[in-house]
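# Reading the structure
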Amino acid sequence: MRWLVRSAAALLALLAILITVALASAYVYLRQSLPKLEGEVPAPALTAAVDVVRDAYGIPHIFASSPADAAYGLGYAHAQDRLWQMEMNRRIGSGRLAEILGPSALDTDRFLRTIGVRRSAQASLATLDPESRSLLEAYAAGVNAFLATDPVLPVEFLLTGARPEPWSPVDSIVWVKMMAWDLGGNWRGELLRMRLARTLPLARIQEFLPPFPGDAPLPLPDLRALYGGMEKEALRLAEGDMERVLALAPPELPEGAGSNNWVVAGSRSASGKPLLANDPHLSLTAPAVWYFAHLHTPGLNLIGATLPGVPVITLGRNDRVAWGYTNTGPDVQDLYLEKLDPAGGYVAPDGPRPFKLISETIKVKGAEDVKLEVRVTRHGPVISDVSKPALDVAPRGYAIAFAWTGLAEDDRTVQSSIELGRSGNWAEFLSAARKFNAPQQNMLYADVEGNIGYVAAGRVPVRAPDNDLRGLAPAPGWDAKYDWAGYIPFEDLPQNYNPASGRLWTANDKIVAPGYKPFITSEWQPPYRSDRIGALLEATARHDSGSFARMHADVLSLAMREAMPYLLATIPGNETARRALAMLGQWNGEMRMDLPEPLIVAAWWRELARRIYADELGDAFRPNWAPRAQFIINVLADKDGQSRWCDDVRTQAAETCAQLLAQSLDAALADLGRRYGGDMSAWRWGDAHRALHEHRPLGRQPLLARIFDIDTPSSGDAYTVNVGQHYLYDEAEPFANRHAPSLRAIYDLSDPEKSLFIHSGGQSGNLLSPHYKDFTEAWAGGEYIPMITDRKRIEAAAHTTLRLVPKP
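Right, let's walk through the structure included here. Everything numeric here is computed off the predicted structure, so don't read it as measured data.

Procedures and definitions
- Residues numbered from 1 in each chain as written.
- Predicted model: local features only at pLDDT ≥ 70, side-chain atom pairs only at ≥ 80, totals over all residues.
- Heavy atoms only, no water.
- Phe/Tyr/Trp six-rings, centres within 6.5 Å; stacked < 30°, edge-to-face > 60°.
- Helix = DSSP H or I, 4+ residues; strand = E, 2+ residues; numbered from the N terminus.
- Buried < 20%, exposed > 50% of the residue type's maximum accessible area, 1.4 Å probe, protein only.
- 1 Å grid on protein atoms, 1.4 Å probe; cavity = no way out; pocket = protein on both sides within 12 Å on 5 of 7 lines; lining within 4 Å.
- Points joined across faces, edges and corners; volume = space filled by probe spheres on them.
- Nonpolar A, V, L, I, M, F, W, Y, C, P; charged D, E, K, R; others polar.
- Pairing = 2+ DSSP bridges.
- Axes fitted to C-alpha atoms, helices over the stretch in contact; angles between N-to-C directions.

### A few points about the packing of aromatic side chains
All told, the structure shown has 27 aromatic pairs when counted by the stated rule. Ring geometry for Tyr76 versus Phe146: centroids 5.6 Å apart, planes at 80°, classification edge-to-face. You can see Tyr76 sitting in helix H2 (residues 67–94) and its partner Phe146 sitting in helix H6 (residues 130–147), a full 70 residues away along the chain. A relative accessible area of 9% means that Phe146 is categorised as buried. Measuring from ring centre to ring centre gives 5.9 Å for Tyr398 and Trp478, while their planes differ by 50°; the resulting arrangement is tilted. Separated by 80 residues along the polypeptide, Tyr398 in strand S16 (residues 398–404) and Trp478 in the loop between strand S20 (475–476) and strand S21 (484–487) bring together distant segments of the chain. Since its relative accessible area comes to 7%, Tyr398 is described here as buried. Here the aromatic cluster, defined as three or more aromatic residues joined through ring pairs, consists of Phe208, Tyr613, Phe621, Trp625, Phe631 and Trp645.

### Comments concerning the layout of surface pockets
The space that makes up the second largest pocket amounts to roughly 610 Å³. Lining the second largest pocket are 26 residues, with Val376, His379, Gly380, Pro381 and Leu407 positioned closest to its centre. Within the residue set of the lining of the second largest pocket, elements represented by two or more residues are helix H4 (106–115), helix H5 (117–125), strand S14 (356–362), S16 and S21. Among the residues making up the lining of the second largest pocket, the classes are represented as 13 nonpolar, eight polar and five charged.

### Notes on unusual backbone geometry
A cis amide bond links Ala286 to the next residue, Pro287, at an omega of -5°. Cis geometry marks the peptide bond from Arg696 to Pro697, where omega comes out at 0°. Residue placement: Pro697 occurs in the loop between strand S24 (690–695) and helix H23 (702–708). With a phi angle near 50°, Arg470 is a residue other than glycine that sits in the positive phi range.

### Some details on the sheet that holds strand S30 (residues 799–806)
The 11 strands are arranged S1-S30-S2-S3-S7-S8-S9-S10-S17-S18-S22 in an open sheet whose pairing can be described as mixed. Two strands lie at the open edges of the sheet, namely strand S1 (39–43) and strand S22 (495–497), each paired on one side alone. Sheet twist, expressed as the average angle between the axes of neighbouring strands with direction ignored, equals 20°.

Functional significance is not addressed by these values, which are geometric in nature.
The following block contains the structure:
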């Protein structure tokens, strides 16, 4: 018997050795997927040598003799560091995920093939000027030069079986358009209004989706009367069909999310020259959305944030100007109810028209190819075909089409971005911004001469005066009054240059003055962040980089401060609630990661929101469960009788807001006790509000997520300057920070070399790289790294140099 035990032990030991050797071998093999950083590499299609000098942070400083060669070098560096991210990005936008992920990704592919992002990108490429096309081609050549070295691919390629295809200029434009998709649109809001109209009067809908504070709700027609020609059963089918489409479509920006930028002139700075700050808020991903790079050629010295896959410094500076964006949030997407013609087409104002038909073939890993026929109307693609064949609705006579400025064939946003980086003064900046299509952005500008400026650049459709829907609900496609009548002229877009106040700022709030005539949107973000930025700018007479950094890190929630008097009026029903209220009574409204009070109030708000509007929304509640601070505060304040929302319409009793406040506090404390233990004083906002950077697609697999996802404790909420947006509907992690400042930058125009920046992840997308997440803790702590372009300073510190040499 002993020999059997000894044999089993020996066998287990041998198995352990074999596993260890296998893991070690795999590690050694995958280490080869890290990029070559030093030496020389032959590079076909280059006109002269390019030096890629990486600093201690992994940032490539690309020194080239021409813009095309610099774009080539950037393509090579992007491919070295972010190849998997680039692969995923182009597959998402092109509707080709199912090829590598299988049937689970098929519905998303159907949606994006129907929208036609890649078809639009192909058309847009032809409208760019020759120089922009040349740069896109040089960039693609740089990516493909790296692929031609037959590199060991990052582990994601091994896990999915994917193989990277040659890069093309269209791939770059696809991702620009997908970024525009993330930042521009309200079509979900249109569908929500359409659905709520089944059970709520218009006045209640406008309470739930309130206008900007101080504005009156836009008058809308009765939606049921508007859709009177549509049979009730057809309307119900169309709404249900579109709810399934919503589940397939990439998500829109969460409520409360956005970006910040602000600039002061020399009259308001310690240096006597402008300072500009920017922090765009985006979904946190692993690797990070942004990749820092520096491009130097004769006559051009450009540094800032790039999107892997795109040969453009999207946000940054050159030696003369700096710029930063926030999203304007215009209404640039409309839905149209298209009346079907018995002959097989649809009805336009001038009579029946045929659909434009486009055939698509979707390859699916492990399954048969899927054929898709896309129908396109004069407004755009029919998206109600995506989740359910239009035949199911056709007997009732309608389909739903989608219009979006981002699908315009003459979209020159890439060209605009290239020219913005080369601008040396305000006139050149405006000339470049004129070509910017989507998404409309609040662009702040500063230059070394001391000028500051603002322009809301981008295309916004003109809606006719008799368009009584204003893009807020699906419109009858057969009625010409709902058609777009071109775009707002660039000269009529909001602009401001060298204001007497010496300061400008935006935070996705209302940017138009009273009396401004063109309609951009009525769905501005509430002004909590903007008001706080304005107060902080006013509080310091002469700003410097330190004061701007403190503003970036500010976590005072004006929304929670406004709500606290109503919350603190709650009558506690037990000792636990009394203790929680006592703690909140001493709290100043700062959403700091090291405090328990932010967690208590966030959990309380979550339960309060559920009790206030889950009954009215019914099945629509969960996907629309969000903080909605402006609405909930109006309810608690009983503005215009809005406390009626506290009554549960599902019961005969008349519930009050006081009852809901007490019930939701008890429920929240019980939930927190289950999640974090019974010691309330030991709870910490940062433990629950971890900044979660989810890997695509491996973050969806729990075991792999532990390896590939990046997270760190963080501060903030949806309404703080230092934003930290959590999703109330996520039962597993309802307080995780998923939408936050994707980067922070401070540009000092007294000496651009003193500028600072940081993003939320690391430069590398390779899990084995020391630069996979080396920015994350510093980012969460409000730190920065220097934005240096001086080659002598770069090479005086730790660095590597890879020379790309023209291949004979």
